[in-house]
Amino acid sequence: MGKKKSVVLMVLLNILIIALTVFTVSPTFWFPWNDGLNGWNSPLGEFIDFGSDFKGGYYTYYYPDGVYSEAQYQSNLENYSDEVAEGETQSPRDKYAEGFIAHKGLRLSTDSQYGLVKNGKVNDDFVNEMQRLRNVISDRYSARGYSSFRVAVVDDYAFRVELPAADALYESTFELFSYMGAVNLKIGDTAVEELEEEGVSINDYITNFTIGAQYNFNYIRVNLTQAGKDLIGEKKDSLSTQSSNDTSTTMYICVGDTKILPVYQDNVRSDNLINCAYLEGDNKAQLDTMVVLLNSALEHGEFSVTFSGVSSEIREMENLNGENLDVVILLVLAAITLACIVAMIVKYRRYGVVAAYMTLSYLIVTGLCFAFISGGIFEFTLGSALVYLFVLVLMNVLHAMNYHAIKKQFDLGKTVDSSVMLGYKSTIWLTVDIYAVLLLGALAMLIGAAGVQIMALQAIICLVAGAFCNLLWGRLINYIYLSTQKNKFKYFGFVREDDDDE
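The rules behind the values
Residues numbered from 1 in each chain as written. Predicted model: local features only at pLDDT ≥ 70, side-chain atom pairs only at ≥ 80, totals over all residues. Heavy atoms only, no water. Axes fitted to C-alpha atoms, helices over the stretch in contact; angles between N-to-C directions. Helix = DSSP H or I, 4+ residues; strand = E, 2+ residues; numbered from the N terminus. Left-handed = near helix turned anticlockwise from the far one by under 90°. Nonpolar A, V, L, I, M, F, W, Y, C, P; charged D, E, K, R; others polar. Pairing = 2+ DSSP bridges. Phe/Tyr/Trp six-rings, centres within 6.5 Å; stacked < 30°, edge-to-face > 60°. Lys NZ or Arg CZ within 6 Å of the ring centre and 35° of its normal. Core = buried A, V, L, I, M, F, W, Y, C linked by side-chain atoms within 4.5 Å. Buried < 20%, exposed > 50% of the residue type's maximum accessible area, 1.4 Å probe, protein only. Contact = heavy atoms within 4.5 Å.

Right, let's get into the packing of helix 12 (residues 382-411) against helix 13 (residues 416-445). It is at 7 Å that the axes of helix 12 and helix 13 come closest, and there the two elements cross at 145 degrees. Here helix 12 runs over helix 13; the crossing is right-handed. When its residues are assigned to classes, the contact of helix 12 with helix 13 shows 16 nonpolar, seven polar and no charged.

In structure tokens form, the structure reads like this:
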């Protein structure tokens, strides 16, 4: 490439890199002269949701019906009299206490309606059901896209669920994901007769639930089998319209006994598919939660264990790391990124400038992907920060390895251009192998624990960006930048030693 073309390309590249870097990292600000109505929303500051390790969050407990915390049990116990009535051998308080067994910090009811205790011991079926429930609940939060949620087992027979503060809908999410049971259809309070027949499953009528969009609205689409379309077609004319407010002839899609979605005559299309629960675009997250719940209930069916009273037990989780930890972590990441740029330039001169372009490009790609691709879906956690830094350091280490491979060829007497070509050629497969192994590891994490799955997707973003910079972008910039140089020895800091022996 000619020198003039190379200079023009470098100027354009500088303008592009600077503009995108400013766009990515500039802080949020508002113009004072119009009362803050106009300004700039920083992608990193406004579009990235920070996890509970940065911003705190909320938590609640899922207690199966018939299971109480020790505090709740003692509170209930105090409501009963300890006086023994005439003709009785026990006080009401003693009778109440007799109906429970203690297990660590919990009390389990011995009432047969709950099926928790059998012959004075915890029922094995209940134990197995709780293990199954833990996986189902975790899968729901994972499918919803949380990267820093936590579902922890408490004293074997209860769950503590944590969500980051970034989720504005935490209350409804906690409650909706606590509903257990199969999907079923009711008209008013009466079950649809066809679903009550022996051997009939709801899966014979409904395949799944998805999100649809129309104009500025999102809605839930109920995807039906042919049998489901025929059933809805038969019921359609008898259903109430949305404007009538007649609940007795409104069809409800339920999870267990809980009504989740009303279906009106207006919601049934001409092809008998159902589009319901229309909400404006900004409220799509609420529909996402419902869809995850309904698909989970459709897949897993009935449970013998149910939860209740979740929404009244939500508590705020204090952020022990400091109120402005999100700002601090962004400043730390910025400082380390800048340190990498300075270190590479000091160590490798103009070849280190290429590393600076790569580092800024990596920052732009990962920053914008985290903000606009995963923002609002994935939370930025401490794990996300560590993944970003790991790939940043790896990328610069591999760039330094290329330098030493080029220098090795130069020391053998090759020209600078030949040394660059041979040096890059000697390291390309090692670079490919390193990124391939790491990408396979990130892909393997996708089948791991729920929280790790989301961090794996963030790791893939970083690794793909790093591989692109090391294998393509950095080499292209080096080729263009090197073409602009008069003294290619000085570019690399090379010195050709002449043999003075006669």
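Back to the text.
The next subject is the pairing of strand 6 (residues 100-103). Relative to strand 7 (residues 106-109), strand 6 runs antiparallel, the two sharing four bridges. Bridging from a neighbouring strand, F100 pairs with S109 of strand 7. Linking two consecutive strands that pair antiparallel, namely strand 6 and strand 7, is a turn of two residues; a positive phi of about 55 degrees is found at K104 within it.

What follows covers the packing of aromatic side chains. On inspection of all chains with the given rule, the structure shows 26 aromatic pairs. An aromatic cluster of at least three residues, connected via ring pairs, comprises Y348, Y351, Y403, F410, Y481, F489, Y491, F492 and F494. The cationic tip of R160 hangs over the ring face of Y59; the distance from NZ or CZ to the ring centre is 3.8 Å.

Core analysis: the largest hydrophobic core is formed by 65 residues, its most contacted members being Y62, L108, Y141, I206 and F209. Looking at this core element by element, the count peaks at eight residues for helix 10 (residues 284-300). Those residues in contact with Y141 that sit more than four places away from it in its chain are Y62, Y146, F149, V151, V161, L163, T173, F174 and F177.

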